[in-house]
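Residue strings, one per chain:
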Amino acid sequence: MKLSRRHFIQLSGLGLMAGPTLVTASPQTETPHQSESGVRRLRLVLKPESHHWFAPLGEPVGLWAFDRDVLRLRQGEPVEIEVENQLPDPSSVHWHGMRIDNPMDGVSGLTQEPIAPGERFIYRFTPQDAGTYWAHSHHKTYEQLARGLYLPLIVDEQEPVEVDRDLVLTLDDWRLNEARQFDTASLGAMHDWAHGGRTGNLLTVNRQLQPRFKVKGGERIRLRLLNTANARIMAVRLPDLPSWIWAKDGQPLTTPRGHSGPLLLAPAERYDLVVDIPAQAQGALAIQLQTDGAPIDLALLQIDGQIDGQIGQGERDEPQPLPANPLPQLADQPVDHRVQLDMTGGAMGGLRQAVYGGQTLSTRELVQNKQIWAFNGVVNMPEQPLLEVRSGDLVEVEMLNNTRWPHSLHLHGHHFQSDLARYNQGLWHDTVVMASGERTKIRFRADKPGSWLLHCHMIEHQAAGMVSWIRVRA
Ligand code: C2O
Ligand code: CU
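1. A look at the packing of aromatic side chains
Item 1. This model, assessed by the stated rule, comprises six aromatic pairs.
Item 2. Summarising the aromatic geometry, the rings of Trp95 and Phe125 are spaced 5.2 Å apart at their centres and angled 55 degrees between planes, so their arrangement reads as tilted. With a gap of 30 residues between them, Trp95 in strand E6 (residues 93-96) and Phe125 in strand E7 (residues 120-125) connect regions that are remote in the sequence. Taken as a pair, Trp95 and Phe125 share a single burial class, namely buried.
Item 3. Their ring planes at 70 degrees and their centres at 6.4 Å tell us that Trp134 and Tyr150 sit as a pair that is edge-to-face. In this pair, Trp134 sits in strand E8 (residues 131-137) while Tyr150 sits in strand E9 (residues 150-156), placing the two residues 16 residues apart along the sequence.
Item 4. What makes Trp134 buried here is its relative accessible area of 0%.
Item 5. Overall, Tyr150 belongs to the buried group, its relative accessible area being 4%.

2. With respect to the nonpolar core
Item 1. In terms of nonpolar packing, the biggest core is built from 52 residues, with Trp174, Leu341, Val395, Val397, Met399, Leu409 and Phe444 touching the most fellow members.
Item 2. Setting aside anything within four residues of it in sequence, one finds Val397 in contact with Val339, Leu341, Thr440, Lys441, Ile442 and Phe444.
Item 3. Core analysis: the next-biggest nonpolar cluster, separate from the first, contains 33 residues, Val205, Val275, Leu301 and Ile303 among them.

3. Remarks on the confidence of the model for the chain
It should be kept in mind that the predicted coordinates are not to be read in detail where pLDDT is low.
Item 1. Averaged over all residues, the pLDDT of the chain is 90; the fraction at 70 or higher stands at 88%.
Item 2. Low pLDDT (under 50) marks residues 11-32, which in the prediction has 40 contacts with non-local residues, meaning those over four places away or in another chain.

Reading guide: rules and limits
Residues numbered from 1 in each chain as written. Chains lettered and ligands numbered in written order. Predicted model: local features only at pLDDT ≥ 70, side-chain atom pairs only at ≥ 80, totals over all residues. Heavy atoms only, no water. Phe/Tyr/Trp six-rings, centres within 6.5 Å; stacked < 30°, edge-to-face > 60°. Helix = DSSP H or I, 4+ residues; strand = E, 2+ residues; numbered from the N terminus. Buried < 20%, exposed > 50% of the residue type's maximum accessible area, 1.4 Å probe, protein only. Core = buried A, V, L, I, M, F, W, Y, C linked by side-chain atoms within 4.5 Å. Contact = heavy atoms within 4.5 Å. pLDDT = per-residue confidence, 0-100.

Spelled out as structure tokens, the structure:
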């Protein structure tokens, strides 16, 4: 993919400066509304965005949001989240990466009816796993996600993890039109759907243009990166500082892995990193997006003094692994089901025909139905699941990317391991990116009854056919 600075609207072009505003992103502490039963009650409102964070003048058009910036829950603490829909359209909320009961998974048309405008839905679950997750609309996702209907979700460990600072960086791109408003006219454009999905021309971090985060020399930072873009794979360059990958998709690595060079985040992927700021650091350190030209500054770590106490000139110790989450055992276990997932279609893919709604259609007929990507020759949500298994079974899916495009495969409700050589043992995913022509096997223990989606998270691909599901019987 050719990607250079000129594809992006620059801050100066917007008549805005990056702004001297310092963002203090200290962990948000919420007033717990704890009932006697020990259940924490929260309310989330889905509503049109009211403040204009990129339009120089006037009201923002067509942007939607949750009524808070970050949702923080605690591992093992039951919650009851009342979601109120104040949008003009129906919606639903999916808790991406959370291993929760199927009726709470938030997939409209599969696990629940959409929440009508003016209506409410109560989600009840207990986060089993600590880590970095996110919530987003799962109704007409290609549109609602592009409009901004997502929220980072942090599940705090039962015992606080020792770091000096915990930063959440939500990376997104937005497509603005010539009036520099959100481009609604191109929502659902077939060209995007058949190619790499809807990519934008404005990059934000936490819905801000190039925010600055205050840090101190000598601090150890937990940096949580999350890609909420509809379709853009982001190659993120960190400042040249000692850093380690601590967790992927919420799940701790068994051994933190030292890291240098750009980190690739496909849509929906997350990484938790440990970053040590040298005691003598000064000025601002940029977190950048790599392009084929000069890199673009996404956010800045602004050095604001030093931490108290003695930090020697030497480096800190390597970080300890995060406490393990209660994941099922996979290693050296007999596989109960093997299934192949053959991905075809898209532009330059030579898809001749595929099954849609039980009928074999030609490419032209598929395109008339806005479908162009297939799993095993079937486009869109099939009536029958890809696989039906019993709760507790170990499943292996061999995925083949027989298209000219990369894809970001996401399985609901489970974490899996992949056999790609580039992954370590002890590395878990809920989303995995596959290059064109790549083949990989994933394994997971289907331990929760219900209907679980498997789809491409380059979300236009899902809309245009790349979606199936797995039924887990009790
Ligand atoms: Cu992040 Cu099917 O979702
Ligand atoms: Cu895809």
